[in-house]
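Per-entry structural report
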Amino acid sequence: FRPVERRLPPVVGVDRMRAVAAGALLTSCALILVVLVVNGGNQGPSALLEYTAFADSSVTEAPAQLPGVTDKDMSPTLPDSFYKQEQKSEKLYDKLKKTLKKADKEDKQMEVRTNEVKEYITDQVSSIALAVKKQNTKESNLIREVPETVGPAGPPGLEGRNGKNGANGIPGLNGPQGPRGPVGSSGSAGPSGEVGKEGPVGDKGITGAAGPDGEPGIVGVSGVEGDVGPSDEWKPTGYDCPAGGTKTMRLRHCNRKGCRLETFFAGEWGTVCDRGFSTKSAVTVCHALGFKSGGSLFRGRFGVGKTQERMWLKEVKCGGTEGDVGDCQHAGWGDVRGCDDGMAAGVCCDGQKSGELGKRVGPSDFPLCPAAQTSWARLRVCDYHRCRLEVMHDKKWGTVCDAGFTDTSASVVCKSLGFKEGGVARRAGGGVGMIWLSNVGCKGDETNLEWCPHSSWGRHDCDHEMDAGVCCIGKGKPAADKAPGPSYSCAGGENRVDSGSTRLVGCKNAGCRLEVRHNDEWGTVCDGGFTEKNAKVVCRSLGLPGGFVVKRYGGNYNMQGIGKVWLADVHCNGAESWVGSCRHKGWGDNRCTHSDDVGVCCGDQPKYDNVRQMRTEGIHVPLCQPKGASVRFSEHCNHRGRRGDLYQGSYPQLSAARCDNDSEQCRVEGCSVRPGAVSSMSIPAGMRVTLFSQYFFGGSSRSFTGPVDVRCLVSYGWNDRARSIRIESV
C-alpha cells in the first residue's frame, strides 16, 4: 500500500528573507563609512570629529560660538557628493524598511502555511495509518485461513559424524499377556468300529388296533407300538400317517401330519434333529421302511414322550439309496449341539408297505471310547466321543492342552498304549490340577508323547476347558514297557560364527551345559523360557541333529557353569543361525544364577548328507584340516600348468576357488582344481582316486590306485575331464 503523492507550492524560508535584509543593511553602512573616510582625508581630523559629533543623536544643544567666529564660519561646508550619497542611503534605508516589512508579512504567511501543511500531513498520516492497519488485519485473516503446506524435501545433507554409544537403557516391563488363540476345529471322524453282538430278543410288541390288512408288529428290542393300518382308500389327510420300523430305525407317535423318526445306537433309541433334514432324506427313510411311494418331511414339536429318549443325530443328508438313517451323512453320533427336544424330525410316508426293508450297513452300536492307563499316560472319563488324556510328570498326573494337538499326536498316544490303529484328537476339557504339556506337535514316528516337540513341562497359556481328548480306534493290547527315547548320546561341539560362539560342555547322558561367548568371555544361558525350538537352533548351528532341553541342568552343583549368565528369556523362531540371534532379554540382563543353567542334548552324528545341504540351511562349514597324504592334480599333461592338492574325502563339485569335502563336511579354500581340467596326477601309496565326468559323482568314472604317476590321462583312455573326485584309503 502506497499513499497518493500531493505536490505543495514552494515556500520561501524565513531565514532566507532575514538574510537578505541583513545584507542590505550592511551594504548601506559600508557606503556611509566609505564616504566619511574619503571626506575626512580632505578636511582633517577635526572636521571628522565635528561630523561625528553632529551625527550623534545624543547631542541636544548646539555648542557656544567662539569669539570672532560667525555662524557661517561655524558651519562646515559639505560636498555635493555627500548629499548625493546621503540621499542614496536614505533610499536604501527606505528600501530596507520595505524589505523588512515584506519579510515580516511573508513570515506570517509562512507560519500560516506551515500550520496548514502540518495539519495536512497529520490528516494524511492518520488516514494512511488507518488504511494500513485495516489492510494488515485483512492480510492477517487471510494468512490464518491458508492451510499450512509443506514444501518438497530438500536434498539430503552431508552425513554427520557418528555419535558416542549411549548407555544401555533400563529394561522395559514385561508386556501384557496376549489373548488366547482360537480353538482349532474338530478332527475328522474315525473309522467305524467292529459290529457289536446282537442284542437279546425283545418282548412281544403291543397288539395294534384292528385295521384292514394290518401287518404284524416287528419283533425288536422294544417292540413298535401298532397304529391303525391304512386301507385301500387311505389318504394323507384322512388318517394318521403310518408307523413302521426296522431293528435300527422306526416311526412312532404318529398323527395326521407325521411320525417321529427314531434311530437305535449304542443300545439306546434316540431322535433325529430336524436341522439339515430335508425332504430327500424323508423319502430315503420311507423307502428303507418299505414305503415305495416315498413320503414327506414334517417339522413339528413332537417332544420326547414318556421314554425320555435322547437325541442322536443332526445334519442328516441322505443320498436316496441308504437303507438306514444312520448310514446317511451326518454329524458324529451324539453331536447334537444347537438342537433341543422340540426339534425332533418327523416323517409321513405315503401308501402301503410293499417294498423290502432296508438294513443298516454301518455299526449300530459303537462302544465307548476305550480307557487305558500306564505309568506314564492314561485315558479316562470316556464317552462315545473321547477320553481325557493325562500324563505323568514329576510324580503328578496332569492334562495336555489341545493347542496344536492333532490326530497325529493322538495316534502316537494310542499306539504307545497298545492301539495299533491309532486314534483321533477331540477336545475333552474338565480336568483338574496341573496342565503339563502344550503345543505338542508329533510327526508320527515317535514312540511316546514325551519325545514329540512340545513346550516346556508346565509352561502353557491354557485352562482346563482346553484339555485334550483322544479316542483310540480298535481293540487295544496291554501296553509294553515305556519305549526308550531317541537314541542320541548327547554330544558336545563348538561352532564359531560371525557374531559370537556356541559350545556344549560337561556332557553326560543327561545333556550338556550350553555356553555362549560374548565380548570374548564365555557364559551360560538361563533355562527360564528355553524351549525345544531354541535347543534345535543350538544343535543345528553345531551341525548336530536333534535338540532337547535339559531343565535345571545347573541344579546339580557339579554341573554348574562359572562366570556370567549371559542370556535369559530366549525365544527362537527356528530360522536363526545361532542362539545369540534369537530374541532375548539382553546380554547379561537377568537375575539368574548358575543353578538355573540350561542344558541341551544333541545327537552325536551329523544330520547333513553333504556340504551343499549345510549351506542351504545356513550352517557354518569349517575349513578342512590336512589329514594324511594328499593327491596332486595338474591341468596339463606331464604335471604342467595349474596344480592343486586334495586330501582324503569326497569332492562333488570341483572349483578353482573352493572345493567342498562331503566326507569330512568341510571346505577347501583355493583348491585350484578346475572342473574338466584334470590331465595328470600323482597318487601316493595306499590311496585310490576315482574320477567322475559329471558333478556329484555322476556320469562315467575311472579309478586309479597308488602308488602311480599318471602323466597324461588321455593315454589311459580317459577322454572325459573330471568334474567330481572321490579319494579313499586302501
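Since we're looking at a predicted model, the values are computed, not measured.

Here we look at the sheet that holds strand β27 (residues 680-683)
Strand order in this open sheet of four strands is β23-β22-β27-β30, and the pairing throughout is antiparallel. Looking at the sheet topology across the chains shown, the edges are occupied by β23 (640-646) and β30 (708-710). Looking at each pair of strands side by side, their axes are set apart by 15 degrees on average, direction ignored. When strand β22 (residues 631-636) meets β27, the two strands line up antiparallel, connected through three bridges. Note on β27: the bridge partner recorded for Ser634 is Ser680.

Concerning helix α7 (residues 532-541)
In terms of residue burial, α7 counts as a mostly covered element, since eight of its 10 residues are buried. Gly543, located one to two residues past α7, shows a positive phi value of around 75 degrees.

Regarding the state of the cysteines
By the definition in use, this model includes 14 disulfides. With a sulfur-sulfur separation of 2.1 Å, Cys286 is cross-linked through a disulfide to Cys349. Disulfide Cys286-Cys349: the torsion about the S-S bond is -90 degrees, which places it as left-handed. Of the two residues, Cys286 sits in helix α5 (residues 279-288) while Cys349 sits in strand β7 (residues 345-349), which places them 63 residues apart along the sequence. Assigned by exposure class, Cys286 and Cys349 land together as buried. Across the disulfide, Cys318 is cross-linked to Cys328 (sulfur-sulfur distance 2.0 Å).

Considerations on unusual backbone geometry
With the exception of glycine, most residues fall at negative phi, and the peptide bonds are largely trans. With an omega of 5 degrees, the peptide bond between Gly706 and Pro707 qualifies as cis. The topology assignment puts Pro707 in the loop between β29 (698-705) and β30. Backbone geometry at His253 places phi at a positive 55 degrees, although glycine is not the residue there. As for its position among the elements, His253 is in the loop between β2 (249-252) and β3 (259-265).

Focus on empty space enclosed by the protein
According to the stated counting rule, one finds three cavities of 30 Å³ or more in the structure shown. One number sums up the size of the largest cavity: a volume of about 80 Å³. Taken together, Trp376, Ala377, Leu389, Val391, Val413, Ser416, Leu437, Asn448, Leu449, Glu450 and Trp457 make up the full set of residues lining the largest cavity. Every element with two or more residues in the lining of the largest cavity is listed here: β10 (387-393) and α6 (407-416). The residue inventory of the lining of the largest cavity, partitioned by class, reads eight nonpolar, two polar and one charged. Roughly 50 Å³ of internal volume is contained in the second largest cavity. Residue assignment for the lining of the second largest cavity shows that the elements contributing at least two residues are β22 and β23. Of the residues that constitute the lining of the second largest cavity, the class distribution is four nonpolar, three polar and four charged.

A few points about the pairing of β7
For β7, a buried count of five out of five residues is recorded, marking the element as mostly surrounded by other parts of the structure. Burial along β7 is two-sided: the face carrying Ala345, Val347 and Cys349 and the face carrying Gly346 and Cys348 are both buried. One ladder, built from two bridges, connects β3 with β7; its direction is antiparallel. When the bridges of β7 are listed, Cys259 appears paired with Val347. One ladder, built from five bridges, connects strand β5 (residues 295-299) with β7; its direction is antiparallel. From the neighbouring strand, Ser296 faces β7, where its bridge partner is Cys348.

As for the pairing of strand β12 (residues 423-427)
With four of five residues buried, β12 lies mostly within the body of the structure. As paired strands, β12 and strand β14 (residues 468-472) are joined by five bridges and run antiparallel to one another. Note on β14: the bridge partner recorded for Gly423 is Cys472.

What counts as what
Residues numbered from 1 in each chain as written. Predicted model: local features only at pLDDT ≥ 70, side-chain atom pairs only at ≥ 80, totals over all residues. Heavy atoms only, no water. Pairing = 2+ DSSP bridges. Helix = DSSP H or I, 4+ residues; strand = E, 2+ residues; numbered from the N terminus. Axes fitted to C-alpha atoms, helices over the stretch in contact; angles between N-to-C directions. Buried < 20%, exposed > 50% of the residue type's maximum accessible area, 1.4 Å probe, protein only. Disulfide = S-S within 2.5 Å. 1 Å grid on protein atoms, 1.4 Å probe; cavity = no way out; pocket = protein on both sides within 12 Å on 5 of 7 lines; lining within 4 Å. Points joined across faces, edges and corners; volume = space filled by probe spheres on them. Nonpolar A, V, L, I, M, F, W, Y, C, P; charged D, E, K, R; others polar.

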